[in-house]
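# Inside the fold
Okay, here's what each chain looks like letter by letter:
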Amino acid sequence: MSIAPQLRNLNIDLPACPSTLVKLSLLMADENCSTDQLAALIETDMALSSAVVRTVNSALFGLLKRVETVHEGIRYLGMAQVAGLTYEIGLRGAFPPSPLLQTIWDRAGVRGLAMGRIARQLDVDPWQAHTAGLFAESGRAVLYAYDRQRYTSLETDGSDEALLCAAEIEAFGVSHSALGAALCQSWGLSREVSDSVRARPNSPSQWGQERPAVQKLLTIGAAVDSLLLNPTRAADPQSVWAELEPVAHQVGLHFQAFQLATMRVCERLNIPQSEG
């Protein structure tokens, strides 16, 4: 898909999607996709398949039994989580390593994993949720790779997305959310994913202009960002839930189910939360 001209004016090159990930997107869009098909695709890239197995066996997933093949990993985690994990590894490989990017990818991994698990319990597409979580901050990596020194000079803690986007527009003429959405489009991801990445810095009062599926992704992402990735906000979960309850009703999520699903995922990831 084409990238908006205003992005091209900056001469910022978006990293090309590895061929395996292009095929993965097409496969995951097929409702008849099978475990065997997904495993066979990932296993065509030995470096990628070994990275998937190694990551699945890490402490983050907490499996009781180590897996030895991609097929086993899919059986334990499910297709959406393994596909999202494959994208995470592909994203890491598309950019030169650095401490800042490592922090971004670490958050992306946790965010994608949590969003996918929460979405599955709410009858929201877990593949879209996982992928939206992974790509949420990908535009920051694009800007960082474009001009590392200038981006580092304006970098904040990233907790206030609106302020960060304003600083990026002042420095570069474009925000990371716009670039992240463009990256999703250029890699052939769904419109729901790219729209959620684009709209992420907006306040919930502005989400009404988005399609219902996008609003749900934004709400799940807001819960994960507040309760898993922002220590200050996570210390006061009651206030987070007070803010999220009307938003959940607004976007058509059953609040109690949403709250319970999020709490379960937090507990599974060893991050205690209060019900509030």
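Given the structure is predicted, the values throughout are model-derived calculations rather than measurements.

To continue, consider the packing of aromatic side chains. Tallied over the entire structure, the rule returns 9 aromatic pairs. Summarising the aromatic geometry, the rings of Phe95 and Trp105 are spaced 5.7 Å apart at their centres and angled 40° between planes, so their arrangement reads as tilted. With Phe95 in the loop between helix 6 (79-94) and helix 7 (99-121) and Trp105 in helix 7, this residue pair connects regions lying 10 residues apart in the sequence. Accessibility assignment for this pair places Phe95 and Trp105 in one class, buried. With a centroid separation of 5.8 Å and 85° between ring planes, the pair formed by Trp241 and Phe258 is classed as edge-to-face. Linking Trp241 in helix 16 (residues 237-251) with Phe258 in helix 17 (residues 255-268), this pair joins segments that are 17 residues apart in sequence. Each member of the pair Trp241 and Phe258 is classed as buried.

Quick look at the confidence of the model for the protein now. Regions with low pLDDT should not have their predicted coordinates read in detail. For the protein, mean pLDDT is 89; residues scoring 70 or higher make up 92% of the total. Contacts for the low-pLDDT stretch residues 272-276, under 50 throughout, to residues beyond four places or in other chains number 11 contacts.

On to the nonpolar core. Ranked by size, the top nonpolar core spans 88 residues in total, and within it Leu24, Tyr87, Phe135, Ile220 and Phe258 carry the most contacts. Here the element with the most residues in this core is helix 7; it accounts for 10 residues.

On to the state of the cysteines. With the rule as written, the count across this model stands at 0 disulfides. Between Cys184, a free cysteine, and Cys17, which holds the nearest cysteine sulfur, the sulfur-to-sulfur gap is 11 Å.

Rules and cut-offs
- Residues numbered from 1 in each chain as written.
- Predicted model: local features only at pLDDT ≥ 70, side-chain atom pairs only at ≥ 80, totals over all residues.
- Heavy atoms only, no water.
- Phe/Tyr/Trp six-rings, centres within 6.5 Å; stacked < 30°, edge-to-face > 60°.
- Helix = DSSP H or I, 4+ residues; strand = E, 2+ residues; numbered from the N terminus.
- Buried < 20%, exposed > 50% of the residue type's maximum accessible area, 1.4 Å probe, protein only.
- pLDDT = per-residue confidence, 0-100.
- Contact = heavy atoms within 4.5 Å.
- Core = buried A, V, L, I, M, F, W, Y, C linked by side-chain atoms within 4.5 Å.
- Disulfide = S-S within 2.5 Å.

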